[in-house]
Amino acid sequence: MEIVSIKPKDIPDYTRFFVLIQKREIIYFSHINLQNKLYIIQYYTMKHFLFLLFILVSGEIFAGALGNATIRGKIVDNQNDEPVAGASVVVVNTATGVNANAEGEYLLKGLTAGNVSISVSALGYVTKVVEIQLKDGGNELNFTLEKAAVSLEPVTVVAQQREQQLLDIPITISNVNAQTIENTHTRTLEQLAAFVPGLNINIQTPHRPNLTLRGLTSDETSPTAQPRVSVYYNNVPNSRASMAIAELYDMERIEVTKGPQGTLFGRGAQIGAIHFISKRPESGFGGYMSAGMGNYAMKEIEGAVNIPLANDKLFARAAGIYSYHDGYVVNTSGGKLNGKNTFGGRFSLRYLPVENLKIDLMVSYQKDDNPGTAFMSKRYPNVNGEKDIFKYEASFDEGKEWFNKRDVFGSSLDVKYYLNENSYLSSITSFYTNSVDHRWDGDGSVAPAIDMAEYNDVKQFTQELRYNFSLNSRINGFLGASYWREDVEQKYWFGPNEQYMAYLIFQSPEYMVFENGTLGYPMPAIPDLGNPDMAQLVGMPLPTNHEEESTGGAINQAADIFADATFKLLPKLSLTAGIRATYESFTTSTEAHMLGTVPSTLGYLLGSAPNFFFAPVDYREISKKFWSTTYRINLKYDLSASSNIYAGYSNGRRPNVLQFNSAGESEVMNAEKIHSIDAGFKWNLRQRYWFDIGVFYHRYNDFQTSKWDNANYLVDDAGRATAYGTEATIKTALNTYLDIFGNYAYIHARFDDKANDGSQQEYAGNTFRQTPEHSFLLGLNAKLNLAKEIQMIFTPSYSWKSHIWFEDSNAQQPADPALARLEQDAYGLLNVNLAVKFNKPGLIFSVFASNLSGEKYIIGAGNTGMMFGVPTYVPGAPCMAGAKLMWRF
């Protein structure tokens, strides 16, 4: 074989190519052409590689060696004639193949007339192979798939912006479908996270959830800080923390894609994406209603109805939920904490004016009117002298109301115009609004020291235009552009009683609340502590009613262009590559003022007078613009029709953060960057056994952590960090009556010892916060036929997590760890659901319990009180049990 070195402009015709990546750069790009020569094309950057890939792919498309025969058809379930979306359709022993669209339709192009075999496969169905004698021009071939006698539930995913099977996607992805949610009575995102290895979710307040994936936590507080974990609802980005969570009602499935996924899910998907997909309107009439009740005065009403409004043209679906339970922590000063009072509704409309045009309109609303969060102290006892927070009894300030109020309104318009079965143009337009009103007791005691409130108002608009294509049934992908704008207003209010706050400032917290739980004596004036620097302040009265406010805002904008495609190189080998270029514009402002006429006295000690917490600052604004590029490249090799291995490289980026420190000075933090290598194995055995395992290695630069800067919780650059680990999932259908499922994750996420310049890092060797090193879930779904139309279903599941730190500093405050450890030891939760199903008339009666064993654990530690040496802790929910009746019609 002759080896020829050439320049990119001299690339000859070709049939195959190969890429070698070394040190994150393209070193060689080679292929063998028909003259049996090995061409070496030297290229040195990923941008050059992607441009070269475009040239080579274009040459393949237009090489002229393809036939002019096509096959089109539809794939349906043999039991109900429902389309099998995402079914894999391939020409046997060739590199030609596509996936069926949402309607089960497919189109194979570029075929040569003659005898060929077409294979159709989908998880849960018996693979079907049909021989057909092709003629030039159009051919039609429909498929009816039969479910295996014992099989797993079918799974369709849209992680790559088109309907596919899990086996088709060369990245690590988890899927939780509607059946799993129902069988396990999964009602919260914390419970949902247990079904996804590597995902950890803790929610102290509905507007500030901790979404942690592979060690990275997304709980941004700055108006310009962007998420690390992208959250999507029905193809619409909804990632700001205050809007990111919603009730799990009338859901189709939840997909969690791991690793940097900027190409697929935009700039917020630095470490992955969570995509919530609700049920869409269908052609038939149907729906469900359910009502349940339980302990802690639990009440839940949920339902959905699907109505065809015009034959085969217009369909509507309405769904809603009301969920309530009393707080499980009693506030001895009045009321309860850590409760829930939520209403949600969703209306969807699907219009099919012509055969190849689909219009989806969706409007949703959720209102949370919850009691306050139980930020409890371990230093100070409640009024009954009890320091054990797992007595679930707190004593907060007398005569004050603590609350968590949140509203989220969303609307989206999704228009698809089909050029053919596998190629279409789409437009997705969305507008969301969100308001938050939250007040909390920051010291966790009966003393009126730290009284704070937060108000947020957010508006988001997005517009995406995308072209999904299938070129000669060998190259399947998409390209497009998008625009995103976010307007954020954020206010913090602080109203301390300085006669008790002074004990924390003078480091005498033991006098603020006595050991028997009674309120300490107020300090009417600044005492003489023998400090000459304070001499002129001695005797100054300490106010009880000082108030101040800090207001921040931001206008965040981004424009993207992106492309991503999978190219079948060989019958068993495919290459997936994508790129996204982003232009960002951030403008943020701040101002802080005293409210009313009562100045702070303690502020003179802290240098922030007439305020205490927020130094007075007149309106200030800062604006910055940035360009960035993210990309990915993956290879997948099919070991067989039901198993494959894959490996890939991708990079991710969390944008620069604009912020103001406690003195009102502006700061621009570096963008956080990640280089990621992923590899894995997927296996579907006889439609009854699913197993996948993935390994990953992440390298971080300019890691963005959060820390207190006097009164502000700011982003800080923690330098370099490394994470690696493995994630595995197993699902088995042992027989008709027993399914077993489980997962495991190992995540070693640490800050490096040395910075890029060789200096020692502040957090050297520390573990990422909110990240258990080991976690697993194990469960089963057992069925027993009680009569011909009556079946009992028992679904227990047990999830376990190892030790967790709640701060990147891995701190313990105060010095006595017995009083205040900012960590949670390993713990496990047992959830059970027992249902009796009556097929006629479609009734399901179930009893359920979460945390059946009554495990005691915390979901947060540190919080506002940590600034003053009095961290607070939020206890996790005790056993919550109840019963529910559902009617399907």
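Since we're looking at a predicted model, the values are computed, not measured.

Rules and cut-offs
- Residues numbered from 1 in each chain as written.
- Predicted model: local features only at pLDDT ≥ 70, side-chain atom pairs only at ≥ 80, totals over all residues.
- Heavy atoms only, no water.
- Helix = DSSP H or I, 4+ residues; strand = E, 2+ residues; numbered from the N terminus.
- Rg over C-alpha atoms; globule rule 2.2 N^0.38 Å.
- Buried < 20%, exposed > 50% of the residue type's maximum accessible area, 1.4 Å probe, protein only.
- Contact = heavy atoms within 4.5 Å.
- Lys, Arg positive; Asp, Glu negative; His and termini not counted.
- Charge placed at Lys NZ, Arg CZ, Asp CG, Glu CD.
- Phe/Tyr/Trp six-rings, centres within 6.5 Å; stacked < 30°, edge-to-face > 60°.
- Lys NZ or Arg CZ within 6 Å of the ring centre and 35° of its normal.
- Salt bridge = Lys/Arg side-chain N within 4 Å of Asp/Glu carboxyl O.
- Pairing = 2+ DSSP bridges.
- pLDDT = per-residue confidence, 0-100.
- Polar contact = N/O pair within 3.5 Å; in protein donor to acceptor, adjacent residues only side chain to side chain.

## Description of the overall build of the protein
Looking only at helices and strands, the protein features 6 helices and 54 strands. A compact globule built from 889 residues should have a C-alpha radius of gyration of about 29 Å, and the protein, at 29 Å, falls within 12% of that. Here the C-alpha coordinates of the protein stretch approximately 100 × 75 × 45 Å along the principal axes. Counting every position in the protein, which comprises 889 residues, the buried fraction comes to 59%. Once local pairs closer than 6 in sequence are excluded, the contacts in the protein between residues at least 24 apart make up 67%. Both charge centroids of the protein, one from 77 positive and one from 91 negative side chains, sit 8 Å from each other.

## Re the packing of aromatic side chains
Counted by the stated rule, this structure contains 34 aromatic pairs. Here the aromatic rings of Phe514 and Tyr521 are separated by 5.4 Å at their centres, their planes lie at 70 degrees, and the arrangement is edge-to-face. Judged by its relative accessible area of 61%, Tyr521 falls in the exposed class. One aromatic cluster in this structure is built from Phe494, Phe612, Phe613, Phe614 and Phe868. The ring of Phe703 carries Arg228 above its face, with NZ or CZ at 4.8 Å from the centroid.

## A few points about the pattern of salt bridges
Across all of its chains, the model carries 36 salt bridges by this definition. Between Glu247 and Lys340 there is a salt bridge, with its nearest N and O atoms 3.0 Å apart. Placement of the pair is Glu247 in the loop between strand S18 (236-237) and strand S19 (251-258) and Lys340 in strand S26 (residues 340-351), with a sequence separation of 93 residues. Its salt-bridge partner being Arg769, residue Asp808 comes within 4.0 Å of it at the nearest N-O pair. Remark: Arg769 occurs in the loop between strand S45 (738-751) and strand S46 (774-787) and Asp808 occurs in the loop between strand S48 (804-805) and strand S49 (823-824); sequence separation between them is 39 residues. The class for Arg769 is buried, based on a relative accessible area of 6%. In the salt-bridge network here, residues are joined through shared partners; they are Asp397, Lys400, Arg439 and Asp451.

## Things to note about the sheet that holds strand S52 (residues 858-862)
Strand order in the open sheet formed by 3 strands is S28-S53-S52, with antiparallel pairing between adjacent strands. Of all strands in the sheet, those bounded by a partner on one side alone are strand S28 (376-377) and S52. As defined by bridge partners, S28 adjoins strand S53 (residues 872-875) across 2 bridges and the pair is classed as antiparallel. The residue of S53 that forms the bridge with Ser377 is Thr872.

## A word on the confidence of the model for the protein
Per-residue confidence for the protein gives a mean pLDDT of 90, with 91% of residues at or over 70. Here residues 1-45 is modelled with pLDDT under 50, and outside its nearest four sequence neighbours on either side it reaches 102 contacts, counting other chains as well.

## A word on helix H5 (residues 498-505)
The element H5 is extensively covered by neighbouring structure, given that 8 of its 8 residues are classed as buried. By the burial criterion, the buried members of H5 are Glu498, Gln499, Tyr500, Met501, Ala502, Tyr503, Leu504 and Ile505. Tucked inside the fold, the buried residues of H5 contact helix H6 (602-606). The backbone nitrogen of Gln499 has a side-chain oxygen 3.0 Å away, supplied by the residue at the start of H5, namely Asn497.

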